[in-house]
Amino acid sequence: MGKIILTGDRPTGKLHIGHYVGSLRRRVELQNSGEFDEIFIMIADAQALTDNADNPEKVRQNIIEVALDYLACGLDPSKSTLFIQSQIPQLTELSFYYMNLVTVSRLQRNPTVKSEIAMRNFETSIPVGFFTYPISQAADITAFKATTVPVGEDQEPMIEQTREIVRKFNSVYGEALVEPDILLPDNQACLRLPGTDGKAKMSKSLGNCIYLSDSEDEVKKKVMSMYTDPNHLMVSDPGQVEGNTVFTYLDAFCKEEDFKEYLPDYKNLNELKEHYQRGGLGDVKVKRFLNSVLQAELEPIRKRRKEYEADIPYVYQILKEGSQKAEAAAAATLKEVKEAMKINYFDDVELIGEQAKRFKSQE
């Protein structure tokens, strides 16, 4: 069996640098590594509708934003299959079958589901589709027989639930599904990039994001207003790097060569941190360095995005062809699943033959 990746994002709007360091950058690296036989990248619009059912136009408009960010970051349709979730009907059917393998109490214990419900203030008014989206996600992963799912740490409970569903299905019906492995970012700072305001998570709803498509001026403005050490009032004051958003971003983005280019007074980030901790280094200087690092990373992404924005029909053609390929793969898995569950009635020649003999013998 080959090595297969499945990953994706809900189309909630333009993607930000938290998405980039948490998953997108790694996806491009994995895509170009040559280690994987297939890479499926999904725009999870059906999942987005679970809490936007009354606003489908919002989801529809956001699909192109996500697709543009994917392509701008370097996802290559000749190497990765980019597709739209709702265009793969087999995923819905698989979700329905998997629902019989999961209890309500197990879904209620899922930490990701609990935190998402709290964040959206659903309380007791939880849409059933949203409540069961771990099952939908299991269908997404298993439909493509994904061996590897690169995600952020907040998705670990979801992947574990998928693994449970796979084990349950295989124990009941026979070995038909593949149990996936999770692939977390290898840089600790990338596991969950905080917002520019120092909040634990970068979030569109909190307005603390730097978007991949932000202009040079917008990025600079957000960096220069970024949360640092509130006790570092004077340049001479010792500063703290733990919990300091600027240094967390530098952990995630900067490389040693950036110092040669933008801050030659220091050899590496450790030297910069040590100076800040003992005092004598101002926040403005560190923020200017971070701005230079981010601009260098984001400029080619912005440029590629503009190129794709100039030919939107081509972007939709990429998504259409990717969705057609994804549907063929999902259909093959669904066929195996139905065979394992013994609900492939019209294809089961042996069943039809046996029953024909049985009823004929009763004549």
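The text that follows walks through the structure, step by step, so that each part is easy to find. These numbers were taken from a predicted model, which means no experiment stands behind them.

### Details of unusual backbone geometry
Unusually for a residue other than glycine, Lys 145 sits at a positive phi of about 50°. Here Lys 145 shows up in the loop between helix H8 (133-143) and strand S4 (148-150). Although it is not a glycine, Lys 342 adopts a positive phi angle of roughly 60°.

### Quick word on the layout of surface pockets
Of the voids in this model, the largest pocket is the one considered here, and its volume is about 1,200 Å³. Taken together, 41 residues make up the lining of the largest pocket; nearest its centre are Arg 10, His 19, Glu 116, Asp 154 and Lys 201. Within the residue set of the lining of the largest pocket, elements represented by two or more residues are strand S1 (4-9), helix H1 (17-33), helix H6 (111-119), H8 and S4. When residues of the lining of the largest pocket are assigned to their parent elements, the largest contribution, five residues, is made by H1. Its residues placed into classes, the lining of the largest pocket shows 14 nonpolar, 15 polar and 12 charged. Taken as a whole, the second largest pocket holds about 250 Å³ of empty space. If you go around the second largest pocket, you meet 17 residues; those closest to its centre are Ala 46, Leu 91, Thr 92, Ser 95 and Ser 136. If you list the elements that add at least two residues to the lining of the second largest pocket, you get helix H2 (45-48), helix H4 (89-98) and H8. Residue composition of the lining of the second largest pocket, grouped by class: seven nonpolar, nine polar and one charged.

Parameters and conventions
- Residues numbered from 1 in each chain as written.
- Predicted model: local features only at pLDDT ≥ 70, side-chain atom pairs only at ≥ 80, totals over all residues.
- Heavy atoms only, no water.
- Helix = DSSP H or I, 4+ residues; strand = E, 2+ residues; numbered from the N terminus.
- 1 Å grid on protein atoms, 1.4 Å probe; cavity = no way out; pocket = protein on both sides within 12 Å on 5 of 7 lines; lining within 4 Å.
- Points joined across faces, edges and corners; volume = space filled by probe spheres on them.
- Nonpolar A, V, L, I, M, F, W, Y, C, P; charged D, E, K, R; others polar.

By themselves, these figures tell us nothing about what the structure is for.
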